[in-house]
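Spelled out from the first residue to the last, the chains are:
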Amino acid sequence: MKTAVEKLNPTLAKIQVDVPFAEFKPHLNKTYKDLANQIQLPGFRKGKVPSSLIDQRVGFDFVVENALNDGLNGYYQQALTENELTPLAQPEVEVLAKPDSENREADISVSIQVTIRPEVELPDYSGIKVEIDAAEVTAEDEQKALDDLRGRFGTLKSVDRPAAQDDFVTLDLQALIEDEEVDAANDLSYQVGAGTMLEGLDEAITGLSAEEDATFESTLSGGEHSGEKATVKVKVTAVKERELPEADDDFAQLASEFDTIEELKEDLKKQASQSKLAEQGNAARDKVLDRLVELVEVPVPEQVVEDQVKQHFENPNAEADHDSEEHRSEVRENTARAFKNEVILDAIAEKEELGVEQSELIEYIISMSSQYGMDPNQFAQMLDSSGQAGMMVGEVRRSKALAKVLEQAEVVDSNGAAVDLSSVISPAGEEQAEAETEQK
């Protein structure tokens, strides 16, 4: 088999595949054998029907077409491997020559046009300079961290006053569409201002005392009437406020491993500082990636963008007003940007010879499953069953590539001070590698 590639543009290739009849013949013989097992003719046992009679029954062209279908994917994959091409969409195949009734031993010639991943030229990305906002742990940050911890150990106490922000209330809800009840629920617990229930609920219940009610308009977000406008009647049956424990040594011993409140406060200050540093790390990652996209020219194949737009708007869960030219433009822009990110980071991963360890995949699964509120094992099974295991490896590898660039970047804050992000940007698995080196 011989292949030749013509690059029509950086993201589109035409592959010429020529297969001698001798290499095609095994697929032809296999097709005859398969058809012999399917066709029943008087006087012949199953699987023993001669090829000449099969030709009479279904036609030689039909046999050749099935044999081509059997062998074409193998030819295609071999051509991609030989020419180091990565396909991004379904190929368009044109058969230029094949055996027929006049020339039963003709060679195969196929033209395949396919969208491919473009090759990019990486710049010297060491020392990329980015500026991020300065971050300082304030007294308010420290107090919030302490109050959040106290809140986890707080108790709810009923109060005889109107509900206010952050109060906990007990509610009865009734939803009506054209005066007909479509949903109802009683004794619901809710924190005022959480914004996790119906739109307009927080405004309706703020200022209501126990046994008072209100009516408001909202859009239902669940059930068979999801997305429909409804009149909602809400009744507050109880108002409670959280009573926080005193911030003293006894609390420190209850809520932590520390003996004194001062030790606990110092630890919370360190945690707040680390949280601020993590936020800076995320900001630096984004800015470094933005800079890479500016430095590297990545041709974006139109086919990939349009396929993504089509998939997005054919989603059966899309709302009726989901489709608009503005939204389509946004999806196109996001798809193009995501494609550029992937191509650049994959190229960096190749250059840096980065791999992915099993421990890194496990860490990724645990992190992602928590975001979806799923058990890690169930999340991993879902990825595997949907054929997304390769996607998971790619995401981890790209994350390591970006961390590698960020390691070499010059990061300063808005005050001009250098920011050390080494504690929050080390690629997953690096600490393990360092530990193994030390053991040796």
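Definitions and limits used
Residues numbered from 1 in each chain as written. Predicted model: local features only at pLDDT ≥ 70, side-chain atom pairs only at ≥ 80, totals over all residues. Heavy atoms only, no water. Helix = DSSP H or I, 4+ residues; strand = E, 2+ residues; numbered from the N terminus. Buried < 20%, exposed > 50% of the residue type's maximum accessible area, 1.4 Å probe, protein only. Salt bridge = Lys/Arg side-chain N within 4 Å of Asp/Glu carboxyl O. Pairing = 2+ DSSP bridges. Axes fitted to C-alpha atoms, helices over the stretch in contact; angles between N-to-C directions.

Please clarify how unusual backbone geometry should be interpreted in this entry.
For residues other than glycine, phi is negative in most cases, and the peptide bonds are mostly trans. In this structure, Asp 179 takes a positive phi of about 65 degrees despite not being glycine. Here Asp 179 is to be found in the loop between strand 7 (168-177) and strand 8 (180-191). The class of Asp 179 is exposed, set by a relative accessible area of 75%. One non-glycine residue, Glu 211, lies in the positive phi region at around 75 degrees.

Explain the pattern of salt bridges to me, please; I cannot follow it from the model alone.
A side chain with one charge may pair with a side chain of the opposite charge, provided their charged atoms come close. By the definition in use, this model includes 21 salt bridges. A network of salt bridges, in which partner residues are shared, links Arg 117, Glu 342, Asp 346, Glu 395 and Arg 398.

So what exactly am I meant to see when it comes to the sheet that holds strand 3 (residues 92-97) here?
Two strands in a sheet stick together by hydrogen bonds in their backbones, pointing the same way (parallel) or opposite ways (antiparallel). Judged by pairing direction, the sheet is antiparallel, and its four strands sit side by side in the order 1-2-4-3 without closing on themselves. The open sheet is flanked by strand 1 (2-9) and strand 3, the only strands paired with a single partner. Each strand axis lies, on average, 20 degrees off the axis of its neighbour in the sheet, ignoring direction. Inspection of the sheet shows strand 3 paired to strand 4 (residues 108-115) by five bridges, in the antiparallel sense. Paired with Glu 94 across the bridge in strand 4 is Ser 111.

What am I meant to see in the pairing of strand 7 here?
Side chains on a regular strand alternate between the two faces of the sheet. By the criterion of burial, strand 7 is predominantly enclosed, with nine of the 10 residues buried. With nine bridges joining them, strand 7 and strand 8 adopt antiparallel strand pairing. Considered in strand 8, the bridge of Phe 168 is made with Gln 191. Where strand 7 folds back onto strand 8 in an antiparallel hairpin, the turn is made up of two residues, including Glu 178, whose phi is positive at roughly 55 degrees. Here nine bridges tie strand 7 to strand 10 (residues 229-243), and the two strands are oriented antiparallel to one another. Looking at strand 10, one finds that Asp 172 is bridged to Lys 235.

By themselves these figures say nothing about function.
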